[in-house]
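Each chain is listed here by its residues.
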Amino acid sequence: MTTTVDDALEHGGEFHFFQKQMFFLLSLLSVAFTPIYVGIVFLGFTPDHRCRSPGVAELSLRCGWSPAEELNYTVPGPGPVGEASPRQCRRYEVDWNQSALSCVDPLASLDTNRSRLPLGPCRDGWLYETPGSSIVTEFNLVCANSWMLDLFQSSVNVGFFIGSMSIGYIADRFGRKRCLLTTILINAASGVLMAISPTYTWMLIFRLIQGLVSKAGWLIGFILITEFVGRSYRRTVGIFYQAAFTVGLLVLAGVAYALPHWRWLQFTVTLPNFCFLLYYWCIPESPRWLISQNKNAEAMRIFKHIAKKNGKSLPASLQRLRLEEETGKKLNPSFLDLVRTPQIRKHTLILMYNWFTSSVLYQGLIMHMGLAGDNIYLEFFYSALVEFPAAFMVILTIDRIGRRYPWAASNIVAGAACLASGFIPGDLQWLRIIVSCLGRMGITMAYEIVCLVNAELYPTFIRNLGVHVCSSMCDIGGIITPFLVYRLTNIWLELPLMVFAVVGLVAGGLVLLLPETKGKALPETIEEAENMQRPRKNKEKMIYLQVQKLDIPLN
């Protein structure tokens, strides 16, 4: 008897003890991925800083100045709007060791107008107002070197892009389990090596390697858990696997608060990856992959193990398994299939833009919070909490209201929140936090819905290709976002929010051009995908009338 994998899971248990155990273990991978995806907020924290001027500390000690008096007497004031602050990147070209300087306004003896005193670069480094450390304070990634912080975060997204584009082939060629364990080992080793890197260059290299394997490992975990559960549980399990990432955000905020030094923080968040190597004995290979490799006997052994764990038994007649995809004619997908016909071309362009938008707004809002927040740890924690209701709202709305309207609304809410945040006065911090949380909730919902809808808009033979190509824009957005956030804040602190607002509002409008997929079968052919927006009622009515006519008895 030949049976599909989903039929076998119905007998052995679709979501029982075995699947719950696998979900818990694999969700830990999603939790551990968080520090790599958004760890820049704490690893690359940029505190207030000023140029180090030789002799100032001694003069301040001799004169008994308070910290505020030392700043007032020896550091340039704020510069014009739109330029880097001289307080952070320039210093007075003054010999502070000369004895002629008085303790009361020492620069007055050189020139009564401070604006005429010459300014120079920070030749002797910087002083940072922070009790801890970050890669910024250790490697002086400020002023002329501030672009190196952008490059650090962009490098991990370059790794995400390359890794996620190649992982489909690697996992299909060598197996999910072997590929997962390899990415875990490389991720753990490169994370530790990054924590002990002596130079910026070595740190950048190991961060790039982490990017290459970490998102790939996260995706394999997602593939595995959706292949272990029955058809009716895949969507819910996928959403909660992403929600485990939110748990990682909460944990990261607490660990970063307890460990304000970046090397200890990096080392601590990397260590759990070594524990994941124990999955070699805990997680079996995907039976779906084994069947695709004609390893039916091994797949049957795993199904018997699943059934035993779930307290069920497989029917004795079940001897041969096949994949649902085996039926039908095999077609070779091509990149041109994504843009050849008008409706699929429209779907592809809108989906690519929405993946790009989700990444830019999600990462951008987190990075901007690190620059603009008063208490980075609390605000990071609060904004992470709103991702839980976002996940539940997705589950509650997509099967009741549909995909399109909640998706469009979430993008519009995110864009509107960014626009409003830019004009909220600084003394209304509570209102700013509420609006920021709404924006974060909106873009989290949009991120989770695009993951779902992407697969529903493509016909079977190009579905995987469509998902991989469109979602690659997510990593392109991640490469651009650090430069967008950190450069534009030098012009105006709220300017990135204005850009995010436009991007989000446009994304919400474009979503309304897509067809609704709620309650519709997945398209099997290009023709079905092209006709998704056309009503089928007339066709169904016509078929019904023909049947009725044939049932009329002849006289």
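Residues numbered from 1 in each chain as written. Predicted model: local features only at pLDDT ≥ 70, side-chain atom pairs only at ≥ 80, totals over all residues. Heavy atoms only, no water.

As annotated in an unreviewed UniProt entry, the protein carries the name Solute carrier family 22 member 2 and comes from Rhinopithecus roxellana. Quoted verbatim from the Sequence similarities (unreviewed entry) field of UniProt, the annotation for the protein is "Belongs to the major facilitator (TC 2.A.1) superfamily. Organic cation transporter (TC 2.A.1.19) family." (UniProt positions renumbered as here; feature names shortened; annotations may be inferred.)

Bringing the state of the cysteines into the picture now. By the definition in use, this model includes 3 disulfides. There is a disulfide in this structure between C51 and C122, and the S-S distance comes to 1.7 Å. Within this pair, whereas C51 is found in strand β2 (residues 49-51), its partner C122 is found in the loop between β4 (119-121) and β5 (126-128), the two being separated by 71 residues in sequence. Judged by relative accessible area, which is 7%, C51 ranks as buried. Exposure remark for C122: the relative accessible area of 11% places this residue in the buried category. Note that C63 is cross-linked by a disulfide to C103, the S-S spacing being 2.0 Å. Here the disulfide of C63 and C103 is left-handed, its torsion about the S-S bond being about -75°. Taken as a pair, C63 in helix α4 (residues 56-63) and C103 in the loop between β3 (90-92) and β4 lie far apart in primary sequence, 40 residues in all. (Disulfide = S-S within 2.5 Å. Helix = DSSP H or I, 4+ residues; strand = E, 2+ residues; numbered from the N terminus. Buried < 20%, exposed > 50% of the residue type's maximum accessible area, 1.4 Å probe, protein only.)

The topology assignment puts S60 in helix α4. The class of S60 is buried, set by a relative accessible area of 7%. With residues near it in sequence (within four places) discarded, S60 still touches W65 and E70. (Contact = heavy atoms within 4.5 Å.)

Under the definition given, this model contains 28 aromatic pairs. Seen in terms of ring centroids, F18 and F228 are 5.4 Å apart; in terms of plane orientation they differ by 90°. Their pairing is edge-to-face. Placement of the pair is F18 in helix α2 (residues 17-38) and F228 in helix α10 (residues 200-228), with a sequence separation of 210 residues. With respect to class, F18 is no different from F228; both count as buried. A centroid spacing of 5.7 Å and a plane angle of 80° characterise the contact between Y37 and F245, whose relative ring orientation is edge-to-face. With Y37 in helix α2 and F245 in helix α11 (residues 234-258), this residue pair connects regions lying 208 residues apart in the sequence. Here the aromatic residues F33, Y37, F160, W218, F222, Y241, F245, W355, Y362 and Y447 are joined through ring pairs into a cluster of three or more. (Phe/Tyr/Trp six-rings, centres within 6.5 Å; stacked < 30°, edge-to-face > 60°.)

Put simply, helix α9 (residues 176-195) and α10 touch, their axes get as near as 8 Å, and they point 150° apart. Taken together, the axes of α9 and α10 are roughly antiparallel relative to one another. The way α9 lies across α10 gives a crossing that is left-handed. Here the contact of α9 with α10 is built from residues that sort into 13 nonpolar, 7 polar and 3 charged. (Axes fitted to C-alpha atoms, helices over the stretch in contact; angles between N-to-C directions. Parallel < 35°, antiparallel > 145°, perpendicular 65-115°, else oblique. Left-handed = near helix turned anticlockwise from the far one by under 90°. Nonpolar A, V, L, I, M, F, W, Y, C, P; charged D, E, K, R; others polar.)

On to α9. Its 20 residues give α9 an end-to-end C-alpha distance of 29 Å, which sits within 8% of 28 Å, the value for a rise of 1.5 Å per residue. Taken across its 20 residues, α9 has 14 buried, putting it largely inside the fold. (Expected span 1.5 Å × (residues − 1).)

The subject of this paragraph is the environment of G415. Here G415 shows up in helix α20 (residues 404-421). Taking C-alpha positions, G415 is 8.5 Å from G442, a pair spaced 27 residues apart along the chain. Sequence-distant contacts of G415, defined by excluding residues within four places in its chain, comprise F500, A501, G504 and L505.

This part takes up empty space enclosed by the protein. Under the criterion given, the structure shown has 7 cavities of 30 Å³ or more. Of the pockets and cavities examined, the largest cavity occupies roughly 310 Å³. What lines the largest cavity is a set of 20 residues, among which L365, M369, E379, R432 and S436 lie closest to the centre. Elements with a minimum of two residues in the lining of the largest cavity: α17 (342-372), α18 (376-385), α20 and α21 (429-456). Looking at which element gives the most residues to the lining of the largest cavity, the answer is α21, with 8 residues. Counted as a void, the second largest cavity has a volume near 100 Å³. (1 Å grid on protein atoms, 1.4 Å probe; cavity = no way out; pocket = protein on both sides within 12 Å on 5 of 7 lines; lining within 4 Å. Points joined across faces, edges and corners; volume = space filled by probe spheres on them.)

A few words now on the nonpolar core. Soluble globular proteins: nonpolar side chains tend toward being buried together. The biggest cluster of nonpolar side chains holds 128 residues, and the ones touching the most others in it are Y37, I135, Y362, F380 and W407. Broken down by element, this core gets its largest block of residues, 12 residues, from α17. In contact with Y37, not counting residues within four places along its chain, are Q153, F160, F245, S359, Y362, Q363, Y447 and C474. Membership of the second largest hydrophobic core comes to 11 residues, among which are V56, W65, Y92 and L117. (Core = buried A, V, L, I, M, F, W, Y, C linked by side-chain atoms within 4.5 Å.)

In this section: the pattern of salt bridges. Under the counting rule described, the total for this entry stands at 15 salt bridges. Residues D124 and R91 are paired through a salt bridge, measuring 2.7 Å at the closest nitrogen-oxygen approach. Separated by 33 residues along the polypeptide, D124 in the loop between β4 and β5 and R91 in strand β3 bring together distant segments of the chain. Judged by its relative accessible area of 36%, D124 falls in the partly exposed class. It is possible to trace a salt-bridge network through shared partners that takes in R235, D399, R403 and E456. (Salt bridge = Lys/Arg side-chain N within 4 Å of Asp/Glu carboxyl O.)

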